[in-house]
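# What the coordinates show
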Amino acid sequence: MNQVPRIVHARAIMLGLGLVLALFTAAVWAGTTGKITGVVTDRVTGEPIAGALVTVVGTDLQARTDADGRYIILNVPVGSHTLEANLMGEESNPAQTELLLFQHIEVRDLKVSVDLNTEQNLTLSSEPVEMGTIVVVAERPLVIKDRTASMRIVEEERIQELPTRGYRDLVALQPGVVQRVGNLLNVRGGRFSEVAYFVDGFSQQDPLTGVSTTEINNNDIQEVSVTTGGFNAEYGWIASGAINVSTKEGGDKLQGTVEAVTDNFHGSKYDYNIYDVSLSGPLVPSSDRAKFILSMERRYKGDREPSIAANGPLEENSSAGWTWRGKFNYKLSKAMELKLGALSSSDKWQFWQSEWQFNGDHMPRLEDNNRSLYATFEHVINTRTFYTISTNFFSTERERGDGVHFDDIWAYGRPGQGNSYDNTGMFWAWDDMNGETAVEDTVIDGRTYAVRGDEAAYWNDYLHRQSSYVGVDADLISQVHPNHELRAGVDFQRHTLRRYHHLFPERVYLGYEDGGQGFDPVDRYGYSITGESETDDGLEGAKHPVTFAGYVQDKFELNGMIINAGLRLDYLNVNTERLRDETRPLDPDHYLDLENPTDEQREMANRLDPSDLEDSRAEVELSPRVGIAFPVAEHSVLHASYGRFMQRPDLQNLYVSYDFLEYMMTEGQFFFPFGNPNLRPERTSAYEVGLTRQLSMNSKFTLTAYYKDVKDLTQIVYQAAAPRSFATYRNTDYGTIKGIEFVYELHRIKNIGFEGSYTLSQSTGTGSTPTSHQIVAWQGLEAPTMPTPLDHDQRHKMTAMFDVRWSKGEGPLVGGRRVLSDAGVNILFKAGSGFPYTPTAIYDDVSLVNTGKETVGPINSRYGPWTMQVDLKATKGFDLFGGQFEFQLWVINLFNRENVLTVHSGTGEPNTTGWLETPDGQAWLAAQSDEGDNSYLTAEDKYRLREDDPTWYGAPRQVRGGIKFMF
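Here the residue index of a chain counts from 1 through its sequence in written order. The predicted nature of this model means local features are confined to residues of pLDDT at least 70 and side-chain atom pairs, given and counted, to a pLDDT of 80 or more, with totals for whole chains, interfaces and linings taken over all residues. Working from all heavy atoms in the structure, the side-chain values ignore hydrogens and water.

Turning our attention to the overall build of the chain. Across its full length, the chain carries 9 helices and 49 strands. C-alpha atoms define the radius of gyration, and 2.2 Å times the number of residues to the power 0.38 defines the globule rule. Taking 30 Å as the expected radius of gyration for a compact globule of 967 residues, we find that the chain reaches 31 Å, a close match to that expectation. Burial classes: relative accessible area under 20% of the type maximum marks a residue as buried, over 50% as exposed, and values in between as partly exposed (1.4 Å probe, protein chains only). Looking at the chain as a whole, 56% of its 967 residues are labelled buried. Per-residue accessibility takes into account occlusion by the displayed protein chains alone, with areas from the Shrake-Rupley method and a 1.4 Å probe. As displayed, the chain has an accessible area near 40,800 Å², and 54% of this comes from carbon and sulfur atoms. For this count, His and the chain ends are skipped, Lys and Arg are scored as positive, and Asp and Glu as negative. In this description, the location of a charge corresponds to atom NZ of lysine, CZ of arginine, CG of aspartate or CD of glutamate. The positive charge centre, built from 89 side chains, and the negative charge centre, built from 133, are 7 Å apart in the chain. In DSSP terms, a helix is any run of H or I states spanning at least four residues, a strand is any run of E spanning at least two, and both are numbered starting from the N terminus.

And the structure:
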């Protein structure tokens, strides 16, 4: 079917909407600012005061109160501010001010959070009085009245108190968030690629995989906002969670921070090292027009994920990385500001695998690189309206290969030889395993290749992918009426995607010219056949998907009730060709069905050419969103929300290498799925209702219930075809997620603060990831259609944070000194129920040549054990050399509890398969011989070592020390 009319029609719709919105709007981005509102009243009469001037100190943001005494200040940066109000203003009589001091008030430490309203009511005297400034320290209200979604905010103060490092660890503490091995986050039962990551409003996700690998200096973070439901219309391509990291900006004074955290000062060390430095302030002294901040972080971890079951650090499990960030703010005028920013992070790491432990040098090695540049122009039209225009560039890259050869593709070539196992089949063989050495290298086409004895096994898989996008967006926010805040925007992104995956690089010695087969098993686009250069030509050129979006949203406020209603339109064009006939990929015209096909037709029917393809269709989606919050009692607010959310499929599941497709259709001898350019967006309908109740002046609780219906999830499927069947992706999966979240908060009373949460949830569906049915597709079987617990279904999760802290000059007296002045201790408790697994009969599930398994129960019908952990961070500050020193003590897993993360499906235990105790296991053991093996381990020793995998356990106790200097 010809899709051109539909595409043209979709583009016309989007263009029309874009033109309409662009007339009065400007971006579809994650929010970066908040709002301050309130009423100014007479201290004596209680009547509203008109004409009072309210100013955010240190900025040009200000507003005068109207006839009802109300003021509204938009576009306030996230963080703590001082608010000043007075009656003098610009029209005051200078002669009079020389005689009398008009009363004015300062409210300090007023917290502003992203996308939220901070309400601060003020009282002034309406007559000149002989008094100075009244200073008030703001107290954040316990109940946020305009919150119509499930949003958790972690501010700078809390970030510095907690025994966590990095925004992912902060997010993992929030209710409804599940963190599994590898720092992947699942939010409210969604897949890990359904979480959107923003830094200062700009996306940090790899569109190919949906994963973010950007790292941020912990001391750079101003606030982390985690939204898990009820997203406003400004958020697009999102289904489960939005993580918005707001970073710090330069201030009026020169400030700096230097910090070091390490465990290299005692015996049980894991070589954990973090070093960071930052400098910020005015670019020109005594001028507030230009401000800057620069920061750097260096990370090195000898064992990035220590295991309590390992005898010390795991070798070849290290990581090392850098993060650089800069932000520059320039005030073009009182009404206009230009912001420029750059963020770069790079990490090199390896991951330890049990089967490679005798050949550690060849364990897989990875490199992640992220680059982000942005420019934002802000224009405040008046006190009630402002707009922004932004452009940004983001690039993320991952390379994975053998620990020794890494990106040298030609070094992988092995003439006529593949990887080998040790004599038991439990481990990959190690270099020079039998004391042999290479007698003679093999030289082919001028290249030298190793032979067995020099390298018995290495990581025979090479991957290189790169994604980037250039985006332009514009956004308008206007308080068009005291009760209506209007937002509208448009956004455009053009991506460049490149991917190179050589599935068997040992074959590269066969070459690629003149019929060479060394590069047939390569899935690529955007890279040359050898992966050594980029290309944009032909069907195997880089992919350039385009997205466009527009939204409108109204925030209606009346008598304490808040209604957030919005409509979003998303457009996706993957800009590539699809197969005309998937059942006959190479012969869509069925030439071979003709009685007498010509030689030309036969040739065409056995190769892939442009005539076998057609344009893929574009997708256009509308997403209505509505959220309501209203008071049900004096200190209680009820909120409810409904929304339809569209999730763009991981783009790596949409694209295919056409050369590779032709090879697999004619000569392929192994299983590998192909991308499907016509995957539809994944659809989620989400419902939520919650109650926030203030219990006292310092405490509150929030109870939230949610339900999600998810359809059109991507899953791998079997496609019958000629000349060979293959696997591809379809929108076949679905799921339902429901849960209840309870949060109790005790704001600090004197020196003590507490926060605790509990989540009860159930996540079911037909597939946990797009490749859950890989074995089913490989065997050509029917895929499951009944929903079962998902792999990340954690039924119970609890966190509790207890903090005791003394400010400067506080604390008990000991010998005439307050020894606990500027000191504090934070204790963090985390607990969660185990994850599901499918029970099987006892079998050999650790051998690299193991036999098939027999299931004895429904999919994911049993659960692993609970995990519990207590972490601690203690700090003590001192004033010295004109600055402040802070000494830190970190203890991870304080009680050294053994937490089991994964179990064997036959026994439900992490350290035994039970197979050696079976007749088959005993027979295998009796048949083993240890001759010629210089590992000095018996076959039984090896099996026991292999079945007790240390990566299946959580972290041991770790003690770290830190020092920070701030000026």
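Within the secondary structure layout, Glu47 lies in the loop between β1 (33-42) and β2 (53-56). When the C-alpha atoms of Glu47 and Asp587 are compared, they prove to be 83 Å apart, with 540 residues separating the residues in sequence. For this analysis, residues touch if any pair of their heavy atoms sits within 4.5 Å. Ignoring sequence-local partners within four residues, the contact set of Glu47 consists of Val40, Thr41 and Asp42.

Sheet topology places strand β30 (residues 561-573) next to strand β33 (residues 619-633); 11 bridges connect them, and they run antiparallel. Across the sheet, the residue bridging to Ile563 is Ile628, located in β33. Sheet topology places β33 next to strand β34 (residues 636-647); 8 bridges connect them, and they run antiparallel. Each bridged residue has a counterpart across the sheet, and for Pro631 the counterpart in β34 is Val637. By the convention used here, strands pair only if DSSP detects at least 2 bridges between them.

Turning to the sheet that holds strand β5 (residues 79-86), a few remarks are in order. Across the sheet, which stays open at both edges, the 5 strands sit in the order β3-β2-β5-β6-β9 with mixed pairing between neighbours. At either margin of the open sheet sits one strand with a lone partner, and together these are β3 (62-64) and β9 (133-137). The mean angle between the axes of side-by-side strands here comes to 20°, regardless of whether they run parallel or antiparallel. In terms of strand pairing, β2 meets β5 through 4 bridges, oriented antiparallel. Bridge pairing in β5 links Val56 to Leu83. Between N-to-C directions, angles span 0 to 180 degrees; the directions come from axes that are lines fitted to C-alpha atoms, helices contributing only their stretch in contact.

The next thing to look at is a nonpolar patch on the surface. Taken together, the side chains of Leu703, Ile740, Phe742, Tyr758 and Leu760 present a nonpolar region at the surface, about 400 Å² in accessible area. Mapped by element, the contributors of at least two residues to the nonpolar patch are β38 (726-749) and β39 (752-765). Tracing the chain through its elements places Leu760 in strand β39. Under the relative-accessibility criterion, Leu760 is labelled partly exposed at 37%. Exposure above 30% relative accessible area and the absence of a salt bridge qualify a residue for a patch, where like charges join within 9 Å and nonpolar side chains (Val, Leu, Ile, Met, Phe, Trp, Tyr) within 5 Å. By salt bridge we mean one thing: a side-chain nitrogen of Lys or Arg within 4 Å of a carboxyl oxygen of Asp or Glu.

Residue-level pLDDT values for the chain average 89, and 92% of them are 70 or greater. When pLDDT is averaged over each element of the chain, strand β44 (residues 823-832) comes out on top at 98 and helix α1 (residues 4-24) at the bottom at 39. A score between 0 and 100, pLDDT records how confident the predictor is in each residue. Low pLDDT, under 50, characterises residues 1-28; the predicted model gives this stretch 65 contacts beyond four residues in sequence or across chains.

With that settled, consider the pattern of salt bridges. For the coordinates displayed, the defined rule picks out 65 salt bridges. Residue Arg299 pairs with Asp347 through a salt bridge whose shortest N-O separation is 3.1 Å. Placement of Arg299 in strand β19 (residues 290-301) and of Asp347 in strand β21 (residues 336-350) is noted, with a sequence separation of 48 residues between them. Take Arg299: its relative accessible area is 7%, and that puts it in the buried class. Salt bridges sharing partners connect three or more residues here, namely Arg152, Arg158, Glu161, Lys700, Glu745, Arg748, Glu755, Asp803 and Arg805.

Let us look at the nonpolar core. Counting 23 residues, the largest nonpolar core has Tyr167, Val171, Leu185, Ile221, Val224, Ile243 and Val245 as its most contacted members. Breaking this core down by element, the ones donating at least two residues are α4 (167-172), β12 (185-187), β13 (195-199), β15 (221-229) and β16 (241-247). Among the elements that line this core, the one with the most residues is α4, at 4 residues. Discounting chain neighbours no more than four positions away, the residues touching Ile243 are Tyr167, Val171, Leu185, Val195, Ala196, Tyr197, Phe198, Val224 and Ser225. What makes a nonpolar core is a set of buried Ala, Val, Leu, Ile, Met, Phe, Trp, Tyr and Cys residues whose side-chain atoms join them at distances within 4.5 Å. In this structure, Ile36, Val40, Ala52 and Val56 belong to the second largest nonpolar core, which totals 20 residues.

Three- or four-residue spacings in an α-helix give side chains the same orientation, since the helix completes a turn every 3.6 residues. Listed in full, the buried residues belonging to helix α6 (residues 658-666) are Tyr658, Phe660, Leu661, Tyr663, Met664 and Met665. Considering only its buried residues, α6 is in contact with β28 (522-525), β31 (577-579), β32 (613-615), β35 (673-674) and β38.

Whether two aromatic rings pair depends on their centres lying within 6.5 Å, for rings of Phe, Tyr and Trp, where Trp uses its six-membered ring; planes under 30 degrees apart make the pair stacked, over 60 edge-to-face, and the rest tilted. The tally for this structure, following the rule as stated, stands at 38 aromatic pairs. When the centroid spacing of 4.6 Å and the interplanar angle of 40° are considered together, the rings of Phe885 and Phe965 count as tilted. Here the residue Phe885 occupies a position in strand β48 (residues 883-892), and Phe965 occupies one in strand β49 (residues 958-966), the gap between them amounting to 80 residues. For the pair Phe885 and Phe965, a shared accessibility class is recorded, and that class is buried. Grouped by ring-pair contacts, the aromatic residues Phe504, Phe660, Tyr663, Phe670, Phe672, Phe674 and Phe726 constitute a single cluster.

So, about the environment of His104. Turning to its location among the elements, His104 is positioned in strand β6 (residues 104-112). Classification of His104 as buried rests on a relative accessible area of 16%. Note: C-alpha distance between His104 and Gly690 (586 residues apart in sequence) is 39 Å.

Right, let's get into the environment of Thr714. As for its position among the elements, Thr714 is in strand β37 (residues 699-719). We classify Thr714 as buried; its relative accessible area is 1%. Sequence separation between Thr714 and Gly531 is 183 residues, and the spatial gap between their C-alpha atoms is 28 Å. If we ignore the near neighbours within four places in the chain, the residues touching Thr714 are Arg191, Pro649, Asn653, Leu679, Glu682, Tyr729, Arg730, Asn731, Asp733, Thr769 and Pro770. Here Glu682 takes part through its side chain, which lies 2.8 Å from a polar atom of the side chain of Thr714. Each polar contact in these results corresponds to two N or O atoms within 3.5 Å; when the atoms are within protein, one needs to be able to donate a hydrogen and the other to accept it, and residues that are neighboring in sequence are counted only if both atoms are side-chain atoms.

By the bridge criterion, 6 bridges tie strand β17 (residues 255-262) to β49 in an arrangement that is antiparallel. Across the sheet, the residue bridging to Val261 is Gly962, located in β49. Bridge analysis of β48 against β49 gives 9 bridges, and the strand direction is antiparallel. Counterpart to Glu886 in the pairing with β49 is Lys964.

Relative to the helices and strands, Asn731 is located in strand β38. One polar contact links the side chain of Asn731 to the main-chain amide nitrogen of Arg680, over a distance of 2.8 Å. Only 2.8 Å separates the side chain of Asn731 from the backbone oxygen of Asp712, close enough to count as a polar contact. With residues up to four places along the chain from it excluded, the contact list for Asn731 reads Asn678, Leu679, Arg680, Glu682, Asp712, Leu713 and Thr714.

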